[in-house]
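Reading the structure
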Amino acid sequence: MKTHTLIMPLDMHLHLRDGVMLETVAPLSAYSLSGALVMPNLVPPVTSKEDVKAYKERIMAAVPNDYFEPYMTLFYKNYDKAFLEDVAEEILAVKLYPDGATTNSDGGVKDFDIEAMRETLEAMSDLGIPLCVHGETAGFVMDRESEFMSIYELLAKNFPDLKIIMEHITTKDAVEMLDKYDNLYATITVHHLLLTLDDVIGGMMMPHHFCKPIAKRPEDLDALLNVALEAHPKVMFGSDSAPHPQNKKEASHCAAGVFTAPIALQLLCEIFDQYDKLDNLQAFVSDNAQSIYGICPEFKEVTLVQKEFVVPEKYGNVVPMYAGSAIGWSIESVE
Ligand code: NCD
Ligand code: ZN
């Protein structure tokens, strides 16, 4: 049976939540990953040094071992330089949400007034703190990411030394933007390497495939696959695994978010193997992120095997993507 070993896999966009949900989901990521960039969209969001430290402690208390590094983030507001200097050593990045764009993004940026943001973004640039961005406008749902490209350009041009990460990109337009500015990078989820809008609403409606940004067109999927399978040095894996309780997904007003944490590495192996690109997976799931963020994660060696894995129906009260279905690869060992 074919096997494949990954060294120090990282997930550079992960929602761990809090409370009972944190206890359910954090061990699943900590098991197979060396670290993850933890999103700050709790209710209320993570906006102070105390919030960051306390949340990190709750995460560490929820994982069964020390071989997992939660890289912390702060929810973007127009912070002053003194504050950022003080918090810098506790965080790896600041995450910007447009107000109301997605789950728990209230209090995010209302309008992209570069002058109002200048002090914060220049301070981040000086301190070497990357800016992670949920890049969607309030426009028509299929166009929101493409419309946001002009805002990425504005940010990239005005703050040339600021590392800007286009989170969970879903379009050909975003892929093309990567090579236009030295300081633009991107994360890609595993579900956006598998789904188009057809898999969300083309047949029976699939709430467990519904997330922001919504999966797009076949040509967008192809562009994402190309850049991920080549492990373009400016792209990294970020699952955007976003757990919601079953009753919030299988409901009127279904919450946005796909829960992939327990199956992400297996699915990535399956995809990369299918295109005969397994050799590039290491860069996509770890090496690129290490260079972009300048991090040196805990050692972990994860061996996957091409053996069927039947995805559990639920983890706690969360239904994962592909619940009850068989996927082609399993985790064999973690050392
Ligand atoms: C995320 C969540 O549930 O927190 N939801 C999602 O659809 N991806 C937020 C986000 O990253 O947009
Ligand atoms: Zn997210």
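About the criteria used
Residues numbered from 1 in each chain as written. Chains lettered and ligands numbered in written order. Predicted model: local features only at pLDDT ≥ 70, side-chain atom pairs only at ≥ 80, totals over all residues. Heavy atoms only, no water. Helix = DSSP H or I, 4+ residues; strand = E, 2+ residues; numbered from the N terminus. Buried < 20%, exposed > 50% of the residue type's maximum accessible area, 1.4 Å probe, protein only. Near = heavy atom within 4 Å. Polar contact = N/O pair within 3.5 Å; in protein donor to acceptor, adjacent residues only side chain to side chain. Areas by Shrake-Rupley, 256 points an atom, 1.4 Å probe, with all protein chains shown as cover. Nonpolar A, V, L, I, M, F, W, Y, C, P; charged D, E, K, R; others polar. Core = buried A, V, L, I, M, F, W, Y, C linked by side-chain atoms within 4.5 Å. Contact = heavy atoms within 4.5 Å. Phe/Tyr/Trp six-rings, centres within 6.5 Å; stacked < 30°, edge-to-face > 60°. Lys NZ or Arg CZ within 6 Å of the ring centre and 35° of its normal. Donors = N, O, S within 2.8 Å, 3.2 Å for Na, K, Ca; no water. Tetrahedral: all angles 85-135°; square planar, octahedral: opposite > 155°, others 65-115°. Pairing = 2+ DSSP bridges. Axes fitted to C-alpha atoms, helices over the stretch in contact; angles between N-to-C directions.

The general pattern is negative phi for most residues beyond glycine and trans for most peptide bonds. Cis geometry marks the peptide bond from Val43 to Pro44; its omega dihedral reads -5 degrees. One can find Pro44 in the loop between strand S3 (35-38) and helix H2 (49-62). A cis amide bond links Lys212 with the next residue in sequence, Pro213, at an omega value of -10 degrees. When you line up the elements, Pro213 lands in the loop between helix H7 (198-202) and helix H8 (218-229). Residues other than glycine seldom take positive phi values, yet Arg17 does so here, at roughly 60 degrees. Topologically, Arg17 is positioned in the loop between strand S2 (10-14) and helix H1 (19-32). Relative accessible area serves as the criterion here: at 12%, Arg17 is assigned to the buried category. Despite not being glycine, Tyr322 has its phi angle at roughly 60 degrees, a positive value. Residue placement: Tyr322 occurs in the loop between strand S12 (309-310) and strand S13 (326-327). Judged by relative accessible area, which is 25%, Tyr322 ranks as partly exposed.

What follows deals with the site of ligand 1. Around ligand 1 there are 15 residues in total, and Arg17, Asn41, Thr102, Lys212 and Asp240 lie nearest to it. Between Asp240 and ligand 1, the recorded distance is 2.8 Å, taken from a side-chain N or O atom to a nitrogen atom. The separation between a nitrogen atom of ligand 1 and a polar main-chain atom of Ala256 is 3.1 Å. Taken by itself ligand 1 offers 310 Å² of open surface, and the protein chains cover 100% of this. Across the shell around ligand 1, the residue classes break down as three nonpolar, nine polar and three charged.

The next subject is the nonpolar core. Counting residues in each nonpolar core, the largest one holds 99 residues, and the members touching the most others are Leu268 and Phe284. In contact with Leu268, other than residues within four places in its own chain, are Val190, Leu193, Phe237, Leu281, Phe284 and Val285. In terms of nonpolar packing, the next biggest core, distinct from the first, is built from 17 residues, Leu37, Met39, Tyr185 and Met236 among them.

Along the chain, the position of His4 falls in strand S1 (residues 3-7). Within polar-contact distance, the side chain of His4 engages the backbone oxygen of Leu278 at 3.4 Å.

Under the defined criterion, the tally for this structure stands at seven aromatic pairs. Both rings, one in Phe237 and one in Phe284, keep their centres 6.1 Å apart while their planes meet at 50 degrees; by these two values the pair is tilted. Residue Phe237 is found in strand S10 (residues 235-237), and its partner Phe284 is found in helix H11 (residues 281-293); the two are separated by 47 residues along the sequence. Members of the aromatic cluster, joined through ring pairs, are Phe112, Phe148 and Tyr152. The ring centre of Tyr185 lies 5.5 Å from the NZ or CZ of Lys234, which sits over that ring.

Moving on, we get to the coordination of the zinc ion (ligand 2). In the first shell of the zinc ion (ligand 2), the protein supplies His13 (NE2), His15 (NE2) and Asp240 (OD), at 2.0 Å from the metal. In this structure, the zinc ion (ligand 2) is coordinated by four donor atoms arranged in tetrahedral fashion, with angles at the metal of 91 to 135 degrees. Donor residues for the zinc ion (ligand 2) sit on one chain with the sequence pattern H-x1-H-x224-D. According to the relative accessible area criterion, His13 is buried, its value standing at 1%. Look at His15 and you get buried, because its relative accessible area is 7%.

A separate point is the sheet that holds S10. If you trace the six strands from one edge of the open sheet to the other, you get S5-S6-S7-S8-S9-S10, paired in parallel fashion. Each edge of the sheet is formed by a strand with only one pairing partner; in this case those strands are strand S5 (73-75) and S10. Neighbour-to-neighbour, the strand axes of the sheet open up by a mean angle of 30 degrees, direction not taken into account. Pairing of strand S7 (residues 131-133) with strand S8 (residues 164-166) involves three bridges; the strand directions are parallel. Residue pairing in the sheet places Leu131 in a bridge with Ile164 of S8. Its contacts with the sheet put H11 on strand S6 (93-96), S7, S8, strand S9 (184-188) and S10, and the angle it makes with S10 is roughly 125 degrees.

In short, shape yes, function no, at least from these values alone.
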